[in-house]
Amino acid sequence: MKIDKSNVKHWLLLVQQACYTLLSICLRPFRKENAKPLIILYGHQLSGNLKALYEQWLLTHSDELNCYFLTLDPEYRDKLKRTGIEVLSSSNLKDMLCAGRCDAMITDHGLHAMSLMVRLTSIKFIDVWHGIPFKGFVPEDFRLQHRYSETWVSSPLLKQIYETRFGFAQEKVISTGYARTDKLFRGDTPINSYRRQAAIPKQNKLVLYAPTWQQNHRGHSLFPFGESQESFIEALSDICAANAATLVIRSHLNAHIIEKQFDNVLYCPMKVFPDTEGLLQETDVLICDWSSIAFDYLALDRPTIFLDVPPPYRNGFSLGPEYRFGEVVQDMTSLREQLASILTDCENYRERRGTMHADITVRVYGEHTDGNAATQQLDRLVEVIAKSDQ
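Residues numbered from 1 in each chain as written. Predicted model: local features only at pLDDT ≥ 70, side-chain atom pairs only at ≥ 80, totals over all residues. Heavy atoms only, no water.

Peer 1: Break down the packing of aromatic side chains for me, citing the residues and quoting the values.
Peer 2: The relation between two aromatic rings is expressed through the spacing of the ring centres and the mutual angle of the planes. Going through the model one piece at a time under the given rule, you end up with 23 aromatic pairs. Taking the centre distance of 5.6 Å and the plane angle of 40° together, the rings of Phe125 and Tyr148 count as tilted. In this pair, Phe125 is assigned in strand β5 (residues 124–127) and Tyr148 in the loop between β5 and β6 (150–153), connecting sequence segments 23 residues apart. Under the relative-accessibility criterion, Tyr148 is labelled buried at 1%. Aromatic side chains Phe134 and Trp290 sit 5.4 Å apart centroid to centroid with 85° between the ring planes, which places their arrangement in the edge-to-face category. Of this pair, Phe134 sits in the loop between β5 and β6 while Trp290 sits in the loop between β11 (285–288) and α11 (293–298); the two residues are 156 residues apart in sequence, bridging distant segments of the chain. (Phe/Tyr/Trp six-rings, centres within 6.5 Å; stacked < 30°, edge-to-face > 60°. Helix = DSSP H or I, 4+ residues; strand = E, 2+ residues; numbered from the N terminus. Buried < 20%, exposed > 50% of the residue type's maximum accessible area, 1.4 Å probe, protein only.)

Peer 1: So what about the sheet that holds strand β12 (residues 304–307)? Which residues, and what values?
Peer 2: Paired through their backbone hydrogen bonds, the strands of a sheet run either parallel or antiparallel. Taken together, the six strands give an open sheet; going across it, the order is β10-β9-β8-β11-β12-β13, and neighbouring strands pair in parallel fashion. Looking at the sheet topology across the chains shown, the edges are occupied by β10 (265–267) and β13 (327–329). Taking the axes of each pair of neighbouring strands and ignoring which way they run, one obtains an average angle of 20° across the sheet. With three bridges connecting them, β12 and β13 associate as parallel partners. The residue bridging Leu307 from the neighbouring strand is Val329, located in β13. (Pairing = 2+ DSSP bridges. Axes fitted to C-alpha atoms, helices over the stretch in contact; angles between N-to-C directions.)

Peer 1: Please set out the pattern of salt bridges residue by residue, giving values where relevant.
Peer 2: Taken as a whole and judged by the stated rule, the model has 16 salt bridges. Between Lys51 and Asp275 there is a salt bridge whose closest N-O contact spans 3.6 Å. In this pair, Lys51 is assigned in helix α2 (residues 48–61) and Asp275 in the loop between β10 and α10 (276–281), connecting sequence segments 224 residues apart. The class of Lys51 is partly exposed, set by a relative accessible area of 22%. A residue is classified by how much of its surface remains accessible, and Asp275, at 9% relative accessible area, is buried. Across the pair Lys159 and Glu163 runs a salt bridge, and its minimum N-O distance is 2.6 Å. (Salt bridge = Lys/Arg side-chain N within 4 Å of Asp/Glu carboxyl O.)

Peer 1: Outline the side chain of Arg180, supporting the account with residue identities and numerical values.
Peer 2: As for its position among the elements, Arg180 is in the loop between β7 (173–175) and α7 (182–186). A polar side-chain atom of Arg180 sits 3.2 Å from a polar atom in the side chain of Glu277. Side chain to side chain, Arg180 and Asp296 meet in a polar contact 2.7 Å long. Setting aside residues no more than four positions away along its own chain, Arg180 makes contact with Gly48, Asn49, Ala52, His130, Gly131, Glu277 and Asp296. (Polar contact = N/O pair within 3.5 Å; in protein donor to acceptor, adjacent residues only side chain to side chain. Contact = heavy atoms within 4.5 Å.)

Peer 1: I'd like a rundown of the sheet that holds β6, residues and numbers included.
Peer 2: Taken in spatial order, the seven strands of this open sheet run β3-β2-β1-β4-β5-β6-β7, and their pairing is parallel. Strands with a single pairing partner mark the edges of an open sheet, and in this sheet they are β3 (87–89) and β7. For this sheet, the mean inter-axis angle between neighbouring strands, taken without regard to orientation, is 25°.

Next comes the structure, spelled out in C-alpha cells:
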C-alpha cells in the first residue's frame, strides 16, 4: 500500500499501526517462545524480493521457519488471504501482537509507523530494498535502515556503493544476490502468464514500455522527447503492428497512465499486475528510461532500449548512465529505427550489445547468477537468528 498523504483513511491506518506497535513492544517481553523462528515480511505489496522469499520459504524452509506477510492495507490482506497467502494486517490487534513476537522482519522499503521496533526490541531487521538503482541516494535516505541488523544487496559492487555513498557499516551489508531475479536467471516458465491473461497471440512478440515515475522532478514526463501520450504510443504501436508485436504499457506504482485505446496496445499497471518478474519473463524487448526494471531485465539478456531523457533525481546517480547496457536513443526517429531493427533482426542487436550485457551483468550481480539467491538468503537468515539465540 502506497501512502497517500491527502487520504484521511491512510492517516488513520498509520495511527492505528503506531498504537498497536507500542502495545506489541510492551507485551513482547511476556511472549511465549516460538515453536519455530517467526519471520515477518513487510512492504507495499507482496512482490519483488519479498514475494520471491515467501515462495522459496514455501518450497524449502517451511519446516524450520514460520513466515507471514504483514500489510498496512486491510483490503489487501483480505485479497491475499483468499489466495492462500499467510498474511497479517497491522490494522488488526491480534495480528500485530503476532508480528511483535517475531524473530526477524524483512522489509523492502521501510516500516511506516513501526520504526520504534528497531530501537526497542531484539527483532532482527533485514532490508532487501526494491530495485537496483540508477537513482542516487544520500545517507539520510537510509537513516532507518542504518539501524537494521543487515542489508542484503545484489553484488560486491552494490555493497561498496552502500558503504561508501549511502553510509552503511561494512559488516552490515551482505552481498547475496537479488531473490526476485532467480526465476529470470533460471529461465523459468512464468506461473502467472500475462500473455495468457491478456490473450496476446502466441506468434506476437511482446514489447514492454516501462518508464520510471517523476521522483523528485515534477516536470518529468512519462513520455519522452516532447511527445504526447497519444503520439508516442501511436508511433510505437505502428512499428509493433508492422512486425507482429504487441505493445504493453507498464506504469509504476506511484504513477498513473490514462488507458487510451490503440490497436495492439495493452496497459498493465503495477497496481493491477504486481508480478513484474512474471511480466519480464514474457517480454521480448524492453523500452525504459531510468527505471530499475532494466537491471531485473538484464538477467534475461534480451534487447533493451534506453530513452536518453533527463533523470528525475535530486541526488544524481547510484549506477550512472554508463550502466545503460542496451541501445540509447535521443529522439523518436532513433527509437523507431532501433525498435524496428530489433524486431526484424534480434541477432544483430546481440552482436553489437552482447559483450556489454555480459560485462554489466557481472558488475551488478557478481557471482549471484545461478538463480539461488532466495535459498542462500533464507539459509543466512537461519544463521542470523541462531546467533542471536546464543
